[in-house]
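# Architecture at a glance
Here's the letter readout for the chains.
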Amino acid sequence: MTGETAIAWPMAGEMEEIENLSFEDALRALETIVRQLESGDVPLEDSISLYEKGDKLRQHCQKRLDAAQARIERIVTGPDGAPTGTQPFDAADR
């Protein structure tokens, strides 16, 4: 590898570790994994493990992005189309 430390979570509780990461931390971890895999310096078995962790990180990031998008879509607009406020994304439509 090129001076980067491999990200290694314990197998048990790995999803809980990922679920506790902020979007930014998960994205940084995913970027590190991508760089490691692109380097070609990682043995095959380690590459498979890194790929699996990367996929879990990608899913976590996507989940966070989807939640943010849902919140944005719940911005309430007035009759003229201008934003008049916000509404929690889980609130019933009015």
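Described in the following lines is the structure provided in the data block. (Residues numbered from 1 in each chain as written. Predicted model: local features only at pLDDT ≥ 70, side-chain atom pairs only at ≥ 80, totals over all residues. Heavy atoms only, no water.)

### Comments concerning the overall build of the protein
Looking only at helices and strands, the protein features three helices and two strands. Put simply, the protein runs from its N terminus to its C terminus through helices and strands in the order α-α-α-β-β. For the protein, buried positions account for 23% of its 94 residues. Long-range pairs, those at least 24 residues apart, make up 56% of the contacts in the protein with a sequence separation of at least 6. Summed over all atoms, the accessible surface of the protein reaches about 6,700 Å², with 54% contributed by carbon and sulfur. (Helix = DSSP H or I, 4+ residues; strand = E, 2+ residues; numbered from the N terminus. Buried < 20%, exposed > 50% of the residue type's maximum accessible area, 1.4 Å probe, protein only. Contact = heavy atoms within 4.5 Å. Areas by Shrake-Rupley, 256 points an atom, 1.4 Å probe, with all protein chains shown as cover.)

### A short note on the nonpolar core
Core analysis: the largest hydrophobic core is formed by 10 residues, namely Ile 18, Leu 21, Ala 26, Ala 29, Leu 30, Ile 33, Val 42, Leu 50, Leu 57 and Cys 61. Every element with two or more residues in this core is listed here: α2 (23-39) and α3 (44-73). Here this core gets four residues from one element, more than from any other, and that element is α2. In this structure, Leu 30 is in contact with Gly 54, Leu 57 and Arg 58, ignoring residues within four places of it in sequence. (Core = buried A, V, L, I, M, F, W, Y, C linked by side-chain atoms within 4.5 Å.)

### Examining the packing of α2 against α3
Contact pair α2 / α3: the axes reach a minimum separation of 9 Å and the direction vectors enclose 150 degrees. Looking at the two axes, α2 sits roughly antiparallel to α3. Viewed along their axes, α2 and α3 form a crossing whose handedness is left-handed. Of the residues in α3, those in contact with Phe 23, Ala 26, Leu 27, Ala 29, Leu 30, Ile 33, Gln 36 and Leu 37 of α2 are Ser 47, Leu 50, Tyr 51, Lys 53, Gly 54, Leu 57, Arg 58, His 60, Cys 61, Arg 64 and Leu 65. (Axes fitted to C-alpha atoms, helices over the stretch in contact; angles between N-to-C directions. Parallel < 35°, antiparallel > 145°, perpendicular 65-115°, else oblique. Left-handed = near helix turned anticlockwise from the far one by under 90°.)

### Description of the side chain of His 60
Along the chain, the position of His 60 falls in helix α3. Residue His 60 is classed as buried on the basis of its relative accessible area, which comes to 2%. Discounting chain neighbours no more than four positions away, the residues touching His 60 are Ile 18, Glu 19, Leu 21, Ser 22 and Ala 26.

Read these as layout, nothing more, since geometry by itself doesn't imply function.
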